[in-house]
Amino acid sequence: MASDRKSILKEIANKISSGENLTDLKNQFMKSLGVVNPAEMMLVRGELIQDGISDTDFEVLFDMSLEVFRETVQSQNPIAPRGHPIHTLMAEHSLLMEYANELHTLTKTLKKGERESEAVFIDRIRQLLGFFAESETHYLREENALFPVLEKHGLTGPPAAMWSEHQEIHEIEKILFEHRSESNERIIANLENLNEVSARLSNMLASHFNKENNILFPASLRLFGDHEWDLVAQDFNDIGYCSYSIKAIRKGVFIETEEPTVSEAREVVFGSGKLSVDMLETIFNHLPIDLTFVDAQDRVQFFSESPDRIFVRSRGVIGRSVQLCHPKKSVHIVEKILSDFRDGTRDSAEFWINLGGKTIHIRYFAVRDSKQKYLGCLEVSQDVTEILKITGEKRLLD
Ligand SMILES: [Fe+2]
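For clarity, every value in this text was computed on a predicted model and none was experimentally measured.

**What about the overall build of the protein?**
Okay, so step 1: A count of helices and strands for the protein gives 13 helices and seven strands.
Okay, so step 2: Counting only C-alpha atoms and orienting by the principal axes, one finds that the protein spans roughly 85 × 55 × 45 Å.
Okay, so step 3: For the protein, the proportion of its 398 residues judged to be buried stands at 26%.

**Things to note about the sheet that holds strand 3 (residues 290-295)**
Okay, so step 1: Pairing in this open sheet of five strands is antiparallel, and the strands run 4-3-7-6-5 from one edge to the other. One side of each edge strand has no neighbouring strand; the edge strands of this open sheet are strand 4 (300-303) and strand 5 (348-355). For this sheet, the mean angle separating the axes of adjacent strands, direction not counted, is 20 degrees.
Okay, so step 2: For strand 6 (residues 358-368) and strand 7 (residues 374-383), the ladder comprises nine bridges, and the chain directions are antiparallel. Bridge pairing links R368 to Y374 in strand 7.
Okay, so step 3: Strands strand 5, strand 6 and strand 7 of the sheet are contacted by helix 13 (residues 328-343), whose axis makes an angle of about 135 degrees with strand 7.

**Let's talk about unusual backbone geometry**
Okay, so step 1: Notably, D298 is not glycine yet its phi reads approximately 65 degrees, a positive angle.
Okay, so step 2: Among the secondary structure elements, D298 is positioned in the loop between strand 3 and strand 4.

**So, helix 6 (residues 118-134)**
Okay, so step 1: For helix 6, spanning 17 residues, the distance from its first C-alpha to its last is 24 Å, which sits close to the expected 24 Å at 1.5 Å a residue.
Okay, so step 2: If you check which residues of helix 6 are buried, you get I125, L128, L129 and F132. Angular distribution of buried residues about the axis of helix 6 spans 100 degrees; they occupy a single face of the element. Turned more than 90 degrees away from the buried face of helix 6, the exposed residues are A119, V120, D123 and Q127.
Okay, so step 3: Those residues of helix 6 that are buried lie in contact with helix 5 (85-111), helix 8 (157-177) and helix 9 (184-189).

**Let's talk about the nonpolar core**
Soluble globular proteins: nonpolar side chains tend toward being buried together.
Okay, so step 1: In this structure, A13, L61, M97, A100 and L205 are the most contacted members of the largest nonpolar core, which totals 31 residues.
Okay, so step 2: Of all the elements in the fold, those that place two or more residues in this core are helix 1 (3-17), helix 4 (55-74), helix 5, helix 6 and helix 10 (191-223).
Okay, so step 3: For this core, the domains that each give at least three residues are domain 1 (3-74) and domain 2 (85-239).
Okay, so step 4: Sequence-distant contacts of L205, defined by excluding residues within four places in its chain, comprise L96, M97, A100 and I169.
Okay, so step 5: In terms of nonpolar packing, the next biggest core, distinct from the first, is built from 19 residues, V149, L150, L216 and L231 among them.

How each quantity is defined
Residues numbered from 1 in each chain as written. Predicted model: local features only at pLDDT ≥ 70, side-chain atom pairs only at ≥ 80, totals over all residues. Helix = DSSP H or I, 4+ residues; strand = E, 2+ residues; numbered from the N terminus. Buried ≥ 20, exposed ≤ 12 C-beta atoms within 10 Å, placed from the backbone. Pairing = 2+ DSSP bridges. Axes fitted to C-alpha atoms, helices over the stretch in contact; angles between N-to-C directions. Contact = placed C-beta atoms within 7 Å. Expected span 1.5 Å × (residues − 1). Arc of directions from axis to C-beta. Core = buried A, V, L, I, M, F, W, Y, C linked by C-beta atoms within 7 Å. Domains from an automatic or database assignment.

The structure is reproduced here in structure tokens:
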């Protein structure tokens, strides 16, 4: 950190210790320093302590820097026009940051013993937690519509890092969501935890959104052409939005519908019959399972588009390396399955997970031709919640 910035920090810390008004000091911080990353703050901590700043005053200064950081991210204006996918994401960042800051303030106020507006505050806390639950589509749009296009432009590291951070955000949110169905009494009893976790969420979002707003999004605006933005907007619309989103608009002029073509007759002839391409596609989309096929080079080649797919897939994912389609923490499992399939030591792999109260059965199959040449991997996912409840027989039509 430059020495003039360090001396401003020291000056503010001294004013904190002499009891000056914290709001005025925060304004001074914002005006003269702007954003100081938490990591930067920790780097100067030693020097400030050595210069006589107490631990307690540094804590206040550190919290002030966090507040300024969060408020700066919250007030950042979108760098693309309304209706552009980047505008949609940045407007959501701003709102989510605002919601996180509000959640933190509400839990802090309740923790201090504010009881008069307790019920109203708790209702709002539940509503804010609902907004975070909805924000899942925000992350899915980034992961499935934006990141694949960045990767096609050769930018693979930053989207992977952002995806890992999404996982961290979801881990924090998971703890918060446990409080959603609690009674008011339980929420009051758990305020300490709620306050601590909401501070973590606020800081994590500020750091993450700051990187996306100032590095990743400007890079996408530089790299993508109109046609690509049109596809991203289409994928955004397919994946869906939060109730507070400003939807992306497709310009539509560059999109040619990607019709599958096989022959002039548009028929595929199998050993056991023939189907038109339309029939084939419609059958795939009527299957009560999700299919994804990855070729021998580990690139996504096809996925079925049933109306209630379990795992979101956007058309931008076609051609994407499958390793990039999984969060870092599970990519080693994918690598292991694919290498076992490739060297023939395994033909299938099976998992089952709980997802939003549903049991999801996920299977991977090695696809080999008649000469045992490996063609790729077929992923089959199915919601088996209702199937698991089946007992006895059902022979009559409802
Ligand atoms: Fe993100």
